[in-house]
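# Survey of secondary and tertiary structure
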Amino acid sequence: MNSITCPKCGTVCDKLFDSVCRDCFLETFKLIELPLVLHLKICSSCGAYFHRSRWEDIGNLEEVVLKAVENSLFIHSEAGDVELYLEPKEITPYIYRVRAEVDAVVKEEPVHAEAETEVRVQRIACDMCSRESGGYFEAIIQIRASGRFPTEEEKRRCAAIAREAMGSMKKKGDRLAFISDFQEQKEGIDLYMGSMNASRQVCRMIISELGGNFAESPTLVGMKDGKNLYRITFAMRLPEFRPGDVIRFRGKIIQIRSSGKKVNGINLEDGSRFISTPEELKGAEKIANIGDAVLTVLVSIEENAILVLDPETYETVAIKKPMSFNAEAGSEIPVLKTEYGIFALAQSDVLQEK
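The structure reproduced in this document is the subject of the present report. (Residues numbered from 1 in each chain as written. Predicted model: local features only at pLDDT ≥ 70, side-chain atom pairs only at ≥ 80, totals over all residues. Heavy atoms only, no water.)

### As for the overall build of the chain
Across its full length, the chain carries six helices and 25 strands. What you see for the chain is a C-alpha radius of gyration of 36 Å, clearly larger than the 20 Å of a compact globule of 354 residues, by over 25%. Considering only C-alpha atoms, the chain reaches an extent of 120 × 55 × 35 Å along its principal axes. Within the span of the chain, comprising 354 residues, buried residues form 39% of the whole. Restricting to contacts in the chain with at least 6 residues of sequence separation, those with at least 24 account for 55%. (Helix = DSSP H or I, 4+ residues; strand = E, 2+ residues; numbered from the N terminus. Rg over C-alpha atoms; globule rule 2.2 N^0.38 Å. Buried < 20%, exposed > 50% of the residue type's maximum accessible area, 1.4 Å probe, protein only. Contact = heavy atoms within 4.5 Å.)

See below:
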């Protein structure tokens, strides 16, 4: 192998790097550069990290510190097969000392470099937390029910769906996904939402589970950068009929078992399955609820009918025998007395409602 003399220091070497020996090359080559001091903004409420003019959710404070150092660390573009090691050390809750070590390959030669920086943490309120604490909202979801007031359970479930949705959307990066206010009204609840798009998603999720529909109504509230600013009111209507309701629809007596985009139930007269939609049920009459059921004595069982005692007059009356009926004469069974007759119910449905 031919020997080469370094034109800068006169050292004899095997090859040159940018026309000088390896040692002379590394004297001027900077594998890494790291500022001596880094200033880090952390939200004192949610822990978000301010980076490149935006707030980001990353993790705990040490993870944020390491991310800030990694983002500020310059590694030469000629470096390949880079291996980075960061060692943080907490000096105070507001100051970290971080040592960075880098191993890389430059011009087919292994190169090692070290640097150290001090990370100073400044705790402030991020845009999201400032807006949330200040009552900021872009939309209002007004949750009502058609032809009735929402039940306490429906109001609790709607609020829970909204909170779960906000948590999920916030994790995906929608920093305005929060509920800034919750107001309970006699006729329902009002949710004041930080994000218009998240509000629309919440409405769809509630409808998917509980059924109903919603309409959007924009209101002009001002201008910013020459553009109109709007707040949206989402008027949501839950279905008129709930699981457990007994309705009269097109001459049939139907017990509602589930209500969502589809309404499922059972025909109490013949036991057949019933499927419809909330829209199709407009005009149906609610005649009772499964919770109104009472126990009465089963007198006897015939081929297509059963004889029971009227729960009010105690007279023996014949009613249609339900499908899959397996009670014994002399036992008590749940029945529902309405202006359209007496109907035997499944014991499991009554227990579930109770």
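### Thoughts on the sheet that holds strand β11 (residues 139-145)
Pairing is mixed across the open sheet formed by five strands, whose spatial order is β12-β13-β11-β15-β14. The sheet is open, and its two edges are formed by β12 (179-185) and β14 (213-224), each paired on a single side. Averaged over all neighbouring strand pairs, the angle between strand axes comes to 15°, with direction disregarded. In terms of strand pairing, β11 meets strand β13 (residues 188-193) through five bridges, oriented antiparallel. Looking at the pairing, I141 lines up with L191 of β13. (Pairing = 2+ DSSP bridges. Axes fitted to C-alpha atoms, helices over the stretch in contact; angles between N-to-C directions.)

### Let's talk about a negative patch on the surface
Residues D81, E83, D103 and E114 make up a contiguous surface patch of negative charge. Position of E114 relative to the elements: it lies in strand β10 (residues 109-124). (Patch = residues over 30% accessible without salt bridge, like charges linked within 9 Å, V, L, I, M, F, W, Y side chains within 5 Å. Areas by Shrake-Rupley, 256 points an atom, 1.4 Å probe, with all protein chains shown as cover. Salt bridge = Lys/Arg side-chain N within 4 Å of Asp/Glu carboxyl O. Lys, Arg positive; Asp, Glu negative; His and termini not counted. Charge placed at Lys NZ, Arg CZ, Asp CG, Glu CD.)

### Re the packing of aromatic side chains
All chains considered together, the criterion is met by three aromatic pairs. Seen from their ring centres, F214 and F234 are 6.1 Å apart, and the 50° between their planes marks the pair as tilted. Here F214, found in strand β14, pairs with F234, found in strand β15 (residues 227-238); they are 20 residues apart in sequence, far enough to count as distant. With relative accessibility at 24%, the residue F214 sits in the partly exposed group. Residue classification places F234 among the buried positions, given a relative accessible area of 0%. When the ring centre of F137 is taken as reference, the NZ or CZ atom of R231 above it lies at 4.0 Å. (Phe/Tyr/Trp six-rings, centres within 6.5 Å; stacked < 30°, edge-to-face > 60°. Lys NZ or Arg CZ within 6 Å of the ring centre and 35° of its normal.)

### Examining the sheet that holds strand β25 (residues 341-344)
Taking strand neighbours across the sheet as the criterion, the five strands line up as β23-β22-β21-β24-β25 in an open arrangement whose pairing is antiparallel. This sheet does not close on itself; its edge strands, each paired only once, are β23 (316-320) and β25. Each adjacent strand pair in this sheet contributes to an overall mean axis angle of 50°, direction not counted. Where strand β21 (residues 294-301) and strand β24 (residues 332-338) come together, four bridges link them in antiparallel fashion. When the sheet's bridge partners are listed, V294 is paired in β24 with V335.

### Notes on empty space enclosed by the protein
Over the atoms a probe the size of a water molecule is rolled, and this reveals where empty space is left. Going through the model one piece at a time under the given rule, you end up with one cavity of 30 Å³ or more. Lining the largest cavity are F17, R22, F25, L26, V106, E109 and V111. Among the secondary structure elements, those contributing two or more residues to the lining of the largest cavity are α1 (22-28) and β10. Of the residues forming the lining of the largest cavity, the biggest block, three residues, is contributed by α1. For the lining of the largest cavity, a count of residues per class yields five nonpolar, no polar and two charged. (1 Å grid on protein atoms, 1.4 Å probe; cavity = no way out; pocket = protein on both sides within 12 Å on 5 of 7 lines; lining within 4 Å. Points joined across faces, edges and corners; volume = space filled by probe spheres on them. Nonpolar A, V, L, I, M, F, W, Y, C, P; charged D, E, K, R; others polar.)

### Observations regarding the pairing of β25
Bridging between β24 and β25 involves four bridges; their strand directions are antiparallel. Note on β25: the bridge partner recorded for V335 is A344. Linking β24 back to β25 in an antiparallel pair, the connection comprises two residues.

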